[in-house]
Every structure is written in C-alpha cells, then in structure tokens.
Amino acid sequence: MQKIAVFGGTFNPIHNGHLHLAAGFAKALGAEKVLLIPARVPPHKAAPDLAPARDRLAMCRAAAGGVFEASDLEIRRPGPSYTSNTLRELKALRPDAELYLITGEDMFLTLEQWHEPDVIFSLATVCAAPRSEAGCGRLLEYARALRRRGARTRVENIAYLPISSTGVREAVRRGAGIAGLVPVPVERYIREHHLYLE
C-alpha cells in the first residue's frame, strides 16, 4: 500500500521550515510522496496579504522535486478549502493509498474544531511535530484524547526550524535577503513576480 503524506496550508510563501517538517515526516513514515496542497481559501485564518492562489501554487511547484509534489486540488475547488473534502477527493483518486495528514503544533491542537473532524480521522492518520520542548507533551496528551474519538495519530519530535511565512514576507517588504529561508527557485519567483512588496 502506497503511503502518501498530505501537507496543506496557505503556503504564503512555502519556505524551508515547511519542507523540513514534511521531509522529516516522509522519512519517519516511509512515505513515497508528500503532496503540497496550497489552500484556495484558508478556512482557519484571515490572510489579508495572501498572494494569489496561482502564485502560491507556482511557488509550491518551484519547491517540489524528489518526494515532494505540488497539487492544485484545493485551488481548483471553489469555496473554503476544507481538509475533509480534500481527503475525500484524494481517497477517491487513490483508494489503495494510506493517507497521512501533516499538521503543525498549533493546528493539531485545534483539530476537534475543524470542519468534519471525524471524516478527517476516518480517512488519514494525523501527524504533528512540536514547535518547542514543552510542545511534545501537549501533543501527546491531545493525541490520546483524539484516539478516544477513533483518530489515528502520529507525533514525531522533529527538530523545529524557526522560519515563518510572516517573517519571509516582512523580510521581502524591508528589502532584506531571504536566502536560506526559502528554496532558491521560490526566492527567484518572489523576486520576478514582485510579490509581498506592499
């Protein structure tokens, strides 16, 4: 059975912290593929300086290669980008695949407030890694609560790489370099398309 890791987000822009986390899970899970899925309309957070969906998808494609593959699944679908709908579509497309949903610490700890959490739990193993030393205990405790609801969970202590999309955007606005924060092709795309200047 093919193992596919699903990593969604605004990716505004995708950066090396995202890729570090996803690569760590790909290795831990033995996943053959990590799907990078930018959200068309993020349901969980307001994003006033959100780059157009086509640009965020293009940056994911620029960052892809090896185990990483960019997907336009949520970009093509109108309305809010609910993870439950994405997992339904992926399961229909790849019924034999074993799906793993990669989340960050903050998102994992709010899973029960997501749209149709039980659908998510039925379709994928939900994975998370801490952003701090104290975070691992919180994740493991919440994972136990989720398992009582029938969820399959996987918590891995992957070293946190302290890079944020907000920090990248602010650096671009200041005219500071972003080398080392994003992959080189993403840096080039941001520069050539004049993103995040305002």
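Before reading further, recall that the structure is shown in the block above.
Residues numbered from 1 in each chain as written. Predicted model: local features only at pLDDT ≥ 70, side-chain atom pairs only at ≥ 80, totals over all residues. Heavy atoms only, no water.

A.B. asks: Can you break down the overall build of the protein residue by residue, with the values?
C.D. replies: A count of helices and strands for the protein gives nine helices and six strands. For 198 residues, the compact-globule formula gives about 16 Å, and the C-alpha radius of gyration of the protein, at 16 Å, lands near that figure. In terms of principal-axis extent, the alpha carbons of the protein reach across some 50 × 35 × 30 Å. Considering the protein as a whole, with its 198 residues, one finds that 48% of them fall into the buried category. For the protein, restricting intrachain contacts to residue pairs at least 6 apart in sequence, the fraction spanning at least 24 positions comes to 76%. Only carbon and sulfur atoms are counted for the fraction: they give 52% of the accessible area of the protein, which is about 9500 Å². (Helix = DSSP H or I, 4+ residues; strand = E, 2+ residues; numbered from the N terminus. Rg over C-alpha atoms; globule rule 2.2 N^0.38 Å. Buried < 20%, exposed > 50% of the residue type's maximum accessible area, 1.4 Å probe, protein only. Contact = heavy atoms within 4.5 Å. Areas by Shrake-Rupley, 256 points an atom, 1.4 Å probe, with all protein chains shown as cover.)

A.B. asks: Tell me about the packing of aromatic side chains, and please be specific about residues and values.
C.D. replies: Summed over the entire model, instances satisfying the criterion amount to two aromatic pairs. Here the aromatic rings of Phe7 and Phe11 are separated by 5.4 Å at their centres, their planes lie at 80 degrees, and the arrangement is edge-to-face. Each member of the pair, Phe7 together with Phe11, is buried. Here Phe108 and Tyr142 contribute two aromatic rings whose centre-to-centre distance is 5.8 Å and whose plane-to-plane angle is 80 degrees, an arrangement assigned as edge-to-face. Note that Phe108 is positioned in helix 5 (residues 105-108) and Tyr142 in helix 7 (residues 135-148), a separation of 34 residues in sequence. Side by side, Phe108 and Tyr142 carry an identical accessibility label, which is buried. (Phe/Tyr/Trp six-rings, centres within 6.5 Å; stacked < 30°, edge-to-face > 60°.)

A.B. asks: With reference to specific residues and values, describe the environment of Ile37.
C.D. replies: Relative to the helices and strands, Ile37 is located in strand 2 (residues 33-38). Residue Ile37 is classed as buried on the basis of its relative accessible area, which comes to 0%. Here the alpha-carbon distance between Ile37 and Cys127, two residues 90 residues apart in the chain, equals 16 Å. When near neighbours in sequence (up to four residues on either side) are disregarded, Ile37 contacts Val6, Phe7, Gly8, Gly9, Phe11, Ser71, Leu73, Glu74, Thr86 and Leu90.

A.B. asks: So, helix 1 (residues 16-29): which residues are in play, and what are the values?
C.D. replies: With 14 residues, helix 1 extends 20 Å from end C-alpha to end C-alpha; this agrees with the ideal 20 Å at 1.5 Å per step. When helix 1 is considered as a whole, its buried residues turn out to be Asn16, Gly17, His18, Leu19, Leu21, Ala22, Phe25, Ala26 and Leu29. In the segment just after helix 1, Gly30 is the residue with positive phi, at about 70 degrees. (Expected span 1.5 Å × (residues − 1).)

Everything listed here is a matter of geometry and, on its own, says nothing about what the molecule does.
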